[in-house]
Amino acid sequence: MTDGIRFRDGRQHVKYRAELFRVATRASSLISCKYEQIMELRSSQRSMPPVKSSTATNHGYETTFEETTKPVSNDEYGQFQSKDPIMVVSTHKGNNASGGGAIPQSVKVDHPTSYVGTLMHLFKGNVGAGMFALGDAYKNAGLILAPPLTIILGVICVHAQHILLRCSEEMSRRLGNDAVQNPGFAGTVELCFATGPLKLRKYSTTMRKLVNLFLCTTQLGFCCVYFVFISSNVKQVMDVHGLEWDVHVHMAVVLIPILLTTWVRNLEYMIPISSVANFLMVGGYACTIYLLSYDLPSITRERKYIASWNTLPLFFSTVIYSFEGISLVLPLKNEMKKPRNFDKPLGVLNVGMVLVSVMFVSTGFLAYLKYGDLVEGSVTLNLDKKQILSQCIKIAICLGILFSYALQFYVPVEIMWPLIINKFGPFRSPAVAEIAFRSALCIFTFALAAAIPRLDLVISLVGAVSSTALALLFPPIIEMVVGWQDSTLSICTFAKDILIIVIGILGFFMGTYESINSIIQAFHNSNI
C-alpha cells in the first residue's frame, strides 16, 4: 500500500512539473508579446506628428499616444474591445514648425456654418474646371453609356465619403472626443491604422504620409489645370480682339496675378475674393447651360451612343477628377452648427452631391450632343468666339478659377512647409522664406502646365493618378481595417470594399496608361 501511494505521488509530481513548464512558457510568450506592443506604442508616440490647428495663429496641437495601463488577462490579450479605448491620447500645444508635414487635424470653429451655407461650400468644392470638361469625357464613353456610368461613379464616390466620415466618428469614439478633435483625411487614415490590428499599426505613419502625398499631387494637379484652363480661354477672347499670342505667353501673363494671390498666407483675407469667385462660377455655369440648350441638334444626329472601350479609361479619369471632393467632407462637417445634418439621409452631403451629379450629367450630355466629336477639353472653348455673351462667360469663369487658385494651393503648402522648416530651418526671416517657397511651388505648377497645355490630357492624368487613390482606394481600405479590428467586418462589406478597390486599381493603371499614351501621341502629332 505504501509503495502504491509513493507511485501515485511520483506521477503527481511529474504532472505538476509539466504543468509548471507550460505555465512558464505561456508567461514568457505573453511577456514577449506585451513587450512588442509597448515598443510599437512608443514608436508610434515618437513618430506621431504634431497636429496643427487650421486657424491663423501660431499655435498647434500635438497629439501623442500613451500606453494604456488597463490590466489584460491571458484570454483577452490581443483582442480589441470596441467599447474600450486601446490608447489614451494626450493633447498639448506644440510648435507648428515641428509638424512633420501633417495636414491640419483639428479645427477651431469660430463661426459655425448653417445647412445652406455648408451646401454652398460643398457646391463650390465640386464645381470647377472638371465640370466643363465632361463634354470631352462623354465623347470618350458615348451618349447613352456616359450618363449611367457618371451616376454609378458618383454613387461610389459619395459612398466612399460616407465611409471616411464613419471611420472618423469611430476614431473619435475609440479615443474620446476630447482627445482627438476633428481629424482630417490623413489623420483619420493614420488613426485607423494606429488603432487597428497589431501587425498594421507600424504602417500608420506611412499611410499618413502616403495620403498627404496624394493630396499634394491632387491639389497641385488642380493648380496646373487652372493655368491651362485660364490661358486657353483668355487666348480665344484676345484672338478675337487682334491680340494673337501663343498660349504659353498668356500662361506667363496669368502667372503674375496667380503668384500674387499665393503670397496671401492668411485665408481670412481670401474670403471676399472667394465669394466673388463663387458668384462668377455660378453665373458662368448658368449662361453656359443656356447657350448649350439653344438650337440643339437632333439626338439621332451622328453621335457615338457607345464609344470604344479603349477610351473608357479617359472617361473614368475625367469623371473621378470632377467628383474628387473627398478631402472637403470632414472640414465641412466639423464646421457645421449641427454636424449630424451633414451625413444623414437628407443631409448636406447627399442633397449636395445629387445636385452636383445633375449638373455634371446635364453639362456633359448637352455639350457632347451639341458639338459631338468637336467638343473641346472645356466646353467653354466651343462657344461662339465672336459672341459677346460667350466672351463674358469665359472671362467670368476664368476670374472665378483664378481667385480659387490660392485655396487649392493652400493645402500642399500646409503639408510641405513644416517639412521644409524641419529640414532647413529655422530661418532668419520666416515670412520671406515662406513666400519664396510659395513662389517656387507656384512656378513649378506653371512649368508643368506649360509642358502639357492640353486641358483634356492634364485633367485625365491628374484624375487617374491621384484623384482615384483618394476617392476609391483609401476609404475602403480603412473600412476593412476598422471592421477587422472591431470584428464587425461582414462578408458583404468585405466584398463591396474589394470591388471598389479593384475598380480604383483598374482605373488608376488603365487611366494613367491611356493618359500618358495620349500625351505621347499629341507630342508626336505636334498637337502640343
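You'll find the structure just up there.
Residues numbered from 1 in each chain as written. Predicted model: local features only at pLDDT ≥ 70, side-chain atom pairs only at ≥ 80, totals over all residues. Heavy atoms only, no water.

A. Focus on the overall build of the protein. For the protein, the helix and strand inventory stands at 17 helices and three strands. Here the protein holds 528 residues, and the buried ones make up 50% of them. When contacts within the protein are restricted to residue pairs at least 6 apart in sequence, long-range pairs at least 24 apart make up 82% of them. If you sum the accessible surface of the protein, you get close to 25700 Å²; carbon and sulfur atoms cover 64% of it. (Helix = DSSP H or I, 4+ residues; strand = E, 2+ residues; numbered from the N terminus. Buried < 20%, exposed > 50% of the residue type's maximum accessible area, 1.4 Å probe, protein only. Contact = heavy atoms within 4.5 Å. Areas by Shrake-Rupley, 256 points an atom, 1.4 Å probe, with all protein chains shown as cover.)

B. Quick peek at the pattern of salt bridges. Counted under the stated rule, the structure contains 14 salt bridges. Ionic pairing is found between E434 and R438, a salt bridge with its closest N-O pair at 3.3 Å. Separated by four residues within a single helix, E434 and R438 lie in helix 15 (residues 430–451), roughly one turn from each other. By relative accessible area, E434 is classed as buried at 10%. Here the salt bridges do not stand alone but share partners, grouping R166, E479, K496 and D497 into one network. (Salt bridge = Lys/Arg side-chain N within 4 Å of Asp/Glu carboxyl O.)

C. View of the packing of aromatic side chains. For the coordinates displayed, the defined rule picks out 11 aromatic pairs. With a centroid separation of 5.8 Å and 65° between ring planes, the pair formed by F227 and F446 is classed as edge-to-face. Separated by 219 residues along the polypeptide, F227 in helix 8 (residues 204–240) and F446 in helix 15 bring together distant segments of the chain. Across the pair, F446 and F227 agree in class, each one buried. Pairing Y405 with F409 gives two aromatic rings, centres 5.7 Å apart and planes at 20°, and the pair type is stacked. Here Y405 and its partner F409 are both found in helix 14 (residues 388–424), four residues apart, which amounts to about one turn of the helix. (Phe/Tyr/Trp six-rings, centres within 6.5 Å; stacked < 30°, edge-to-face > 60°.)

D. Region of interest: unusual backbone geometry. With a phi angle near 55°, D295 is a residue other than glycine that sits in the positive phi range. For D295, the position within the fold is in the loop between helix 10 (271–293) and helix 11 (312–323). On the basis of relative accessible area, D295 is assigned to the exposed category, the value being 65%.

E. Inspection of a nonpolar patch on the surface at higher detail. Among the surface-exposed residues, F494, I498, V502, L506 and M510 lie close enough to one another that they form a single nonpolar patch of about 420 Å² accessible area. When you line up the elements, V502 lands in helix 17 (residues 491–524). When its relative accessible area of 39% is taken as the criterion, V502 is described as partly exposed. (Patch = residues over 30% accessible without salt bridge, like charges linked within 9 Å, V, L, I, M, F, W, Y side chains within 5 Å.)

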